[in-house]
Amino acid sequence: MRIPVPRLLGTGAGTEGRAPATREGAEGLSLRGKDQTLTAWYEDLVCFRDIRPGAPHHYLVVPVEHMGNCKTLKTEHIPVVKRMMEVGKAVLQKNNFSDLSDVRMGFHWPPFCSISHLHLHVLAPASQLGFLSRLVYRINSYWFITAEQLIERLQTENAAS
């Protein structure tokens, strides 16, 4: 099943996908440390390969507008998280990965975050994560929360309010 993701502004193909350490067109979003190639960018999100991949396909989906970490999100941010997941799935499919049942998507839970800008890790195939990556991106740990778990948590907060 292909997932439609609207408003694709560009892909990493050719030179138009090349981004310097700071990309002005992404409202100051900094791709720190390395010259990065954006895998895809939209009006509201960008996606690029992780500089320290934990799986053959390891992408980061990042909102263009600054958002803190996943612990700062509220119920009204659920559509943003869902959209980030859609983009992650679409990028995997664009890169010829179709087994969406073998994907891990999630966020590092504070204080176990290296940067203070919301970013979704998209790793595939999850079955090929190495020892260290299985630890770093471990489900049900104190330091990593899946996107689905985050959505459930945000929905529960709304129900409790």
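Structure: see above.
Draft legend 1. Summary view of the overall build of the protein chain. For the protein chain, the count of helices and strands is 3 helices and 8 strands. Reading the protein chain from its N terminus to its C terminus gives the helix and strand order β-β-β-β-β-α-β-β-α-β-α. Across the 161 residues in the protein chain, those meeting the buried criterion constitute 48%. Accessible surface for the protein chain amounts to roughly 8800 Å². Of this, 53% is attributable to carbon and sulfur atoms.

Draft legend 2. Local environment of a nonpolar patch on the surface. Residues Phe-131, Leu-132, Leu-135 and Val-136 make up a contiguous nonpolar surface patch of roughly 400 Å² in combined accessible area. Within the fold, Leu-135 resides in helix H2 (residues 131-136). What makes Leu-135 partly exposed here is its relative accessible area of 39%.

Draft legend 3. Representation of the packing of aromatic side chains within the structure. The full count for this structure, using the stated rule, is 2 aromatic pairs. Here the aromatic rings of Phe-112 and Trp-143 are separated by 6.3 Å at their centres, their planes lie at 70°, and the arrangement is edge-to-face. Separated by 31 residues along the polypeptide, Phe-112 in the loop between strand S6 (104-108) and strand S7 (120-124) and Trp-143 in the loop between H2 and strand S8 (144-146) bring together distant segments of the chain. The partly exposed category is assigned to Phe-112, whose relative accessible area is 44%. Taking relative accessible area as the criterion, Trp-143 reaches 23% and is therefore assigned partly exposed. Centre to centre, the rings of Tyr-137 and Phe-144 are 5.6 Å apart; their planes meet at 85°, and the pair counts as edge-to-face.

Conventions adopted
Residues numbered from 1 in each chain as written. Predicted model: local features only at pLDDT ≥ 70, side-chain atom pairs only at ≥ 80, totals over all residues. Heavy atoms only, no water. Helix = DSSP H or I, 4+ residues; strand = E, 2+ residues; numbered from the N terminus. Buried < 20%, exposed > 50% of the residue type's maximum accessible area, 1.4 Å probe, protein only. Areas by Shrake-Rupley, 256 points an atom, 1.4 Å probe, with all protein chains shown as cover. Patch = residues over 30% accessible without salt bridge, like charges linked within 9 Å, V, L, I, M, F, W, Y side chains within 5 Å. Salt bridge = Lys/Arg side-chain N within 4 Å of Asp/Glu carboxyl O. Phe/Tyr/Trp six-rings, centres within 6.5 Å; stacked < 30°, edge-to-face > 60°.

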